[in-house]
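Understanding the architecture of this molecule
Now for the letters of each chain:
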Amino acid sequence: LLHKKQDIFFFFFEPNAGKKLRDDALKSFKNGEKLPTLSMVITVMGQHDLTIFCLNKLISNQVGEIEIVIMDGKGDFEIKEGELKSDKPINIKIIHDKEVYPAFKFWMEQTTGDIMVFMHNDVIIDDYGFDITLRYTFLKYPQVGVVGFLGSDEIDSRGSRNWGTTSNWLGQTYNFNG
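Below is a short write-up of the structure. (Residues numbered from 1 in each chain as written. Predicted model: local features only at pLDDT ≥ 70, side-chain atom pairs only at ≥ 80, totals over all residues. Heavy atoms only, no water.)

What the chain contains, in helices and strands, is 5 helices and 6 strands. Counting helices and strands in the order they occur from the N terminus, the chain gives α-α-β-α-β-β-α-β-α-β-β. Burial status across the chain gives 34% buried among its 178 residues. Across the chain, contacts joining residues at least 24 apart in sequence account for 72% of those joining residues at least 6 apart. (Helix = DSSP H or I, 4+ residues; strand = E, 2+ residues; numbered from the N terminus. Buried < 20%, exposed > 50% of the residue type's maximum accessible area, 1.4 Å probe, protein only. Contact = heavy atoms within 4.5 Å.)

Quick look at the structure:
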């Protein structure tokens, strides 16, 4: 109910807030405003095809420069020649770690960005310019410390997000490998 109320509120009172923020961010970037740097940490444990799909979506939707650090929990992830399609420079580092989730301190030591995005390889970002919007948001609103892409208002007995999972995305469904 809370999320439905929020949707109704934004529909009537702030219908173009997201579009305006994106437009302002891209305009700021094109005007040469120095934005904070962005590092993305993506955890991987198997599912290599899905990870390549995730990376290709990120790369095709980025506008500015981002650093991507792959945290490989199994130690067998690699990117083969031709799997990533881009005409822009790509900054990707793969770290093989036998622990599934090392400490956040370790991740921060492996990245160089002012802002760190932590996500799983099964989260697909399909929003052109997402990187600029994020960087601009942190610059414009210095009181912002954390931005949630995906979250839940409940946790089940195994630590999963369970039924309360919500996101701020477009609501598209991807059919991947059948």
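With that out of the way, let us pick up helix α5 (residues 130-140). In terms of residue burial, α5 counts as a mostly covered element, since 9 of its 11 residues are buried. Among the residues of α5, those classed as buried are Phe-130, Asp-131, Ile-132, Thr-133, Leu-134, Arg-135, Tyr-136, Thr-137 and Phe-138. As for α5, its buried residues are in contact with α2 (17-30), β1 (38-44), α3 (48-61) and β4 (115-120).

Negative phi characterises most residues that are not glycine, and trans characterises most peptide bonds. For Gln-47, which is not a glycine, the phi torsion comes out positive at approximately 50 degrees. Checked against the element boundaries, Gln-47 lands in the loop between β1 and α3. For Gln-47, a relative accessible area of 48% translates into the label partly exposed.

One recurring pattern in soluble globular proteins is that nonpolar side chains are buried together. Residues Met-40, Ile-42, Leu-55, Leu-58 and Met-119 are the most contacted members of the largest nonpolar core, which totals 23 residues. For this core, the secondary-structure elements that each account for two or more residues are β1, α3, β2 (67-72), β4 and α5. With 5 residues, α3 is the single largest residue contributor to this core. Aside from chain neighbours lying at most four places away, what touches Leu-55 is Ile-42, Ile-68, Ile-70, Phe-77, Ile-79, Leu-84 and Ile-92. (Core = buried A, V, L, I, M, F, W, Y, C linked by side-chain atoms within 4.5 Å.)

Now for the pattern of salt bridges. Side-chain pairs of opposite charge can arise where the charged atoms are in close proximity. In total, this model carries 4 salt bridges according to the counting rule given. Measuring nitrogen to oxygen at the nearest pair gives 2.8 Å for the salt bridge that ties Arg-22 to Asp-127. Placement of the pair is Arg-22 in helix α2 and Asp-127 in the loop between β4 and α5, with a sequence separation of 105 residues. Assessed through its relative accessible area of 30%, Arg-22 is described here as partly exposed. Taking the relative accessible area as the measure of exposure, Asp-127 reaches 18% and is therefore buried. (Salt bridge = Lys/Arg side-chain N within 4 Å of Asp/Glu carboxyl O.)

A separate point is the packing of α2 against α5. Relative orientation of the contacting elements α2 and α5 amounts to 90 degrees, with a least axis distance of 9 Å. As judged from the angle between their axes, α2 and α5 are roughly perpendicular. On the side of α2, the interface is formed by Leu-21, Arg-22, Asp-24, Ala-25, Leu-26, Ser-28 and Phe-29, while α5 contributes Ile-132, Thr-133, Arg-135, Tyr-136, Thr-137 and Lys-140. (Axes fitted to C-alpha atoms, helices over the stretch in contact; angles between N-to-C directions. Parallel < 35°, antiparallel > 145°, perpendicular 65-115°, else oblique.)

A few words now on the environment of Leu-55. Its place among the elements puts Leu-55 in helix α3. A sequence separation of 30 residues divides Leu-55 from Lys-85, and the C-alpha atoms of the two residues are 9.4 Å apart.

Turning our attention to the sheet that holds strand β3 (residues 91-96). On the basis of which strands lie adjacent, the open sheet formed by 4 strands has the order β3-β2-β1-β4 and parallel pairing. Bordering the open sheet on either side are β3 and β4, each of which pairs with just one other strand. Here the strands of the sheet are splayed against their neighbours by 20 degrees on average, with no regard to which way each runs. On top of the sheet, α3 reaches β1, β2, β3 and β4; it is set at about 165 degrees to β1, its chief contact. (Pairing = 2+ DSSP bridges.)

So, on to α3. Between its terminal C-alpha atoms α3 stretches 20 Å, which fits the 20 Å expected from 14 residues at 1.5 Å a residue. The element α3 is extensively covered by neighbouring structure, given that 10 of its 14 residues are classed as buried. Of the positions making up α3, those classed as buried are Leu-50, Thr-51, Ile-52, Cys-54, Leu-55, Asn-56, Lys-57, Leu-58, Ile-59 and Asn-61. Buried-residue contacts for α3 involve β1, β2, β3, β4 and α5. (Expected span 1.5 Å × (residues − 1).)

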